Each structure stands twice: as structure tokens, then as C-alpha cells.
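Below, each chain spelled out in residue letters.
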Amino acid sequence: MREIKHFINGAYVGSASGRTFADRSPTDNRQIAVVHEAGRDEVDAAVRAARAALAGPWGRLTVAERVERLYAVADGINARFDEFLEAECLDTGKPYSLARHVDIPRGAANFKVFADMVKNVATESFTMATPDGAGALNYALRRPKGVIGVISPWNLPLLLMTWKVGPALACGNTVVVKPSEETPLTTALLGEVMNAAGIPAGVYNVIHGFGPESAGAFLTEHPGVDAITFTGETRTGTAIMKAAAVGVRDVSFELGGKNPAVVFADCDFDAAIEGTLRSAFSNCGQVCLGTERVYVERPLFERFVAALKEGAERLRPGRPDDPQTTLGPLVSQEHRAKVLGYYAKAVEQGATVVTGGEPFVMEGPLAEGCWVKPTIWTGLADDAACVREEIFGPCCHVRPFDSEEEAVRLANDTPYGLAAAVWTGNLGRAHRMAATLDAGIVWINSWFLRDLRTPFGGSKQSGIGREGGVHSLEFYTELKNVCVKL
Ligand SMILES: NC(=O)C1=CN([C@@H]2O[C@H](COP(=O)(O)OP(=O)(O)OC[C@H]3O[C@@H](n4cnc5c(N)ncnc54)[C@H](O)[C@@H]3O)[C@@H](O)[C@H]2O)C=CC1
Ligand SMILES: O=C(O)/C=C/C=C(\O)C(=O)O
């Protein structure tokens, strides 16, 4: 049995309390690791180590030296690709075919891309007139913000954690990471890569545990943390924001979504079906950018629903390492109960179940796993729970519309504003839709095409701030203006 310890000041350490919890595989519910649970003492030790490293060798490196080490981290992930792949798929149950192309390569890319960015970023400068005629020169310096608290979720554990840690380190900060209690393995493994890459002790720290009254809350409440970055549920974001208010610490939040896809009759039908299948069912629907509401122009509606059903029924659940597997389980029994609760509620509220709506019956050890069928509904009212609330499972509701105005009204009728997809062959309409949809990210005739230089984040209750490209640098640095009288 693996034993997962905290990673503090460059070394793996257990909890002084001896408290541990079980990490289970969602594939078959077997225990895969015993994980140490941090108390306030371990969190404090991690924050102190991070603070000391800021003033230590890390803080004295030149940008070029930092960049070189971050490249070594990326190379270190790639060199141990298969170990990361195995650990990520063991924790999440996701198919190797998915993690091999998305999670692990992005884990490495998140270090390289932001290393390149800090190498090339400029800051502004202004000359100004002064009464004596000599003038003055203003220029801005970017300085690390300090110790960054990173709270990461379970759906894309390595990808989303490194999406924060990569730019934070590139900007010269140090971090204390609290990975999700459901998926601690790859965050723990990254400590070994950090050491091998020559990242000084204390720059990357990891503490394990839960959220409220555990490691997550202890970290966000810790006065030694200068800023907090979080991806997860909107309600958790609210709790973290309250903690961050003490000491007036900065936050960057990427929160829930109830993302629409709008499909016009003039779309490329096959592309729209392929894209919508991916956006609704990839990672078993556990992607914050995923589509849970599909609006289809009426003339296309019946054909679209039939093709989507056929695609959903082609998905094959199975072991992550089986090349035939195209659908993993949900992350936990608790999450499965939540998703199945929505499946039951949809029926109570009058949905037509086009396909799915129930658990998969699996054989052998997999019978104990967190499997649910990909599910498509039609016929729900616009205020039904499954149309309003984030489910985070492999499911979507499909509804017809009759005009562009109606499609915009329906798509925007949500407290969330993370992502949207529009499928149309009409370029003018594509741009109109992009401008009027309330979302941080609008994909036209695509989904999950990610350029890491672009702003990423949500409007309304889907988040605060933007990360990606220079926007990450904005969050992870303080700009200092220097005014020189000439
Ligand atoms: N990427 C996303 O947008 C995600 C959304 N979700 C949504 O959230 C729902 C609940 O899943 P959870 O795992 O409970 O998500 P969560 O938002 O509660 O957990 C995410 C992270 O926050 C930590 N956390 C929880 N409460 C905290 C607190 N008070 N202070 C500090 N840290 C805290 C957790 O330990 C975990 O590391 C899911 O059903 C799904 O709808 C979950 C994970 C990712
Ligand atoms: O950065 C990405 O490409 C993916 C982001 C996905 C999420 O933030 C999520 O599912 O929570």
C-alpha cells in the first residue's frame, strides 16, 4: 500500500498526530493509498518553509536560472510520464487514452509555457514632464507576490494544480499546495521531480487533508499566505473568500459552471455532434468547461438528439489501462450518489430520458466502482434542477429553440458564466453570439481548444479574475512603479 506524506521543505514527512485517511480507486473502490492528514502544525511548517525559501536561494536566482529549473521540472514530468499516467488514472479512474493526451502533457507544458512567458514579458514605462524641465522616468518592476496557497480539485489533478504552480514559480513565488483529498498522488509525486530538477527546498510544498476544519481551511486561514488560487465549487470559493478577507489577501477563483452549447441548423452536423459528445462526456462529464445544456435550432432537433444518443451509447466503460475504454467512472461514491440523485430528480421533474439515467452494471471488481451511464434528457422546464444546477457528471439536457434571440436568452439564463460553445456556419452570427453570451470563454465550432496564452476564467458566479498568459503574471506578481527624477 502506498503511503502518501506531506512534502515540506524538500522532504516527505508524516503527520505528527498520526492521522491518516484512505485514498480509494473509483474504478473498483479498492484502497490504493494511506494519506497523512495535515493539522495546523504541518500547515504552519509548510508555510514557514515557503516563506524562508523566498528569502533563500530561490529569491536570489536570476530569471534565466529560474526558467532553466522550470524547464527541468517539465522534462522531469516527461521523463517519468508513465508513472504520472499510472498515478493519475489510479486516483481518478480516467482512461489512459485521455490522460496520456491531456492531463500529463499539460502538466509538463504548464511549466514550460510560463517559463517562456516570464523570459519575454515587458513592463510599462512612461516619461513625464516636471516643472524644472528635466523630466522624470517611471518604470514598473514585477515582484513575486510571496507565498501562494494553491487549493486544487480532483477532476484534472495534475493539470489544474500545475496550471497554478507553473506560473506562480515562474514569477518567483513559493507555494503550498493542498490537493483534493480524492486525488493526492500526482501532486505528491511532483515533489520528487522538484528535488531532482534542483528546485530549492521550501519552494514547492504539499500538505494533504480535507477542506473545512482541515488542511484546506488551515492553509487559507494562515496569515503567512499572501494570495490564494482555487479551482472548485462556487460554495467552496465563498468560504475561501471569507478566509482571504482576513488580512486582505488576493484571490483567483475558477468556479462552477452550467455551460451551454448552442447548435444552429446551418452547422457542420458531424463536427457539432463530435464536439458536443466530447464536451458533455469527456472525463465522465467532470470538466468545469463541459456542456450540460444543449440548445438546438428546431429543424435540427430530432436528428441531433438521435445522433447524440447513438454517440453516447457507443462510449465504453472499463479499466483505465484497457485501450477499448472510452469512459471512466465518477471520482467517488459520494459524487456518484450526487449525480444519481440528479438522474432521479430529472425523472421526477418530467424529463424524457433519451439514454442512460442509471448506473452501469459492471462485472467482477469493477462492480464496486463509481460507474454511471452517459445520460441525455429532453423535455425539462427551464427552471428544473438539472437545467439550473451544476451536476458535474456525464449528462446533458437538450432543448429546441426557434430564434437567435431565444438561444441567447436561454444560454444566458444562469448564475454561472464560465464557457459556451456555438456551432454555426454563419460567421456573422458566430461573432454576434460570441459578443452576447455571458461567459469567460466562447468556443466557435470547437470545444476545449486551449491556447495557454489566452485569458481563462469565468464571469458571474463562475469565478474571479483571469489566469493564462500575462493574466497569470498579473495575479502572481505585484507591480511596483519606480519614479526617477531626471
Ligand atoms: N473544476 C471544477 O469546477 C470543480 C467543480 N467541482 C464541483 O464541486 C462539487 C463538490 O466537489 P468537491 O470535491 O467537494 O469540490 P470542492 O470545491 O469542495 O473541493 C475542491 C478543493 O477545495 C478544498 N476545500 C473544500 N472546502 C474548503 C474550505 N472550506 N477551505 C479550503 N479548501 C477547501 C477541497 O479539499 C479540494 O481540495 C462537485 O460535485 C462539482 O460539482 C468539483 C471539483 C472541481
Ligand atoms: O486549463 C484547462 O485547460 C482546463 C481547465 C479545466 C478546469 O478548470 C476544470 O475542469 O475545472
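Residues numbered from 1 in each chain as written. Chains lettered and ligands numbered in written order. Predicted model: local features only at pLDDT ≥ 70, side-chain atom pairs only at ≥ 80, totals over all residues. Heavy atoms only, no water.

A.B. asks: I'd like a rundown of the domain arrangement of the chain, residues and numbers included.
C.D. replies: Taken domain by domain, the chain holds domain 1 (2-255 + 462-485) and domain 2 (259-451). One C-alpha centre belongs to domain 1, the other to domain 2; they are set 31 Å apart. With 26 residues of domain 1 in contact, the opposing surface of domain 2 contributes 31 residues. On the domain 1 side of the interface with domain 2, the three residues burying the most area are Thr27, Trp154 and Ser462, jointly 24% of the side's total. (Domains from an automatic or database assignment. Contact = heavy atoms within 4.5 Å. Buried area = accessible area lost by both parts, 1.4 Å probe.)

A.B. asks: Which residues make up the pattern of salt bridges, and what values do they have?
C.D. replies: Throughout the structure, instances matching the rule amount to 31 salt bridges. When the shortest N-O distance is used, the salt bridge between Asp75 and Lys112 registers 3.1 Å. Within this pair, whereas Asp75 is found in helix α3 (residues 63-79), its partner Lys112 is found in helix α6 (residues 103-120), the two being separated by 37 residues in sequence. Salt bridges sharing common partners tie together Arg80, Glu83 and Glu192. (Salt bridge = Lys/Arg side-chain N within 4 Å of Asp/Glu carboxyl O. Helix = DSSP H or I, 4+ residues; strand = E, 2+ residues; numbered from the N terminus.)

A.B. asks: Please give an account of the site of ligand 1 that cites residues and values.
C.D. replies: Within the structure, ligand 1 sits among 27 residues, and Trp154, Lys178, Glu181, Glu233 and Lys338 are positioned closest to it. One nitrogen or oxygen atom from the main chain of Ser152 is found 2.9 Å from an oxygen atom belonging to ligand 1. His335 is positioned such that a nitrogen or oxygen atom in its side chain is 3.3 Å from an oxygen atom of ligand 1. Relative to its free-state accessible area of 800 Å², ligand 1 is covered by the protein chains to the extent of 89%. For the shell around ligand 1, the elements supplying multiple residues, two or more each, are α9 (215-221), β11 (227-231), α10 (234-245) and α13 (333-348). For the shell around ligand 1, the element with the highest residue contribution is α10, accounting for 3 residues. Residue composition of the shell around ligand 1, by class: 13 nonpolar, 9 polar and 5 charged. Two domains each donate at least three residues to the shell around ligand 1, and these are domain 1 (2-255 + 462-485) and domain 2 (259-451). (Near = heavy atom within 4 Å. Polar contact = N/O pair within 3.5 Å; in protein donor to acceptor, adjacent residues only side chain to side chain. Areas by Shrake-Rupley, 256 points an atom, 1.4 Å probe, with all protein chains shown as cover. Nonpolar A, V, L, I, M, F, W, Y, C, P; charged D, E, K, R; others polar.)

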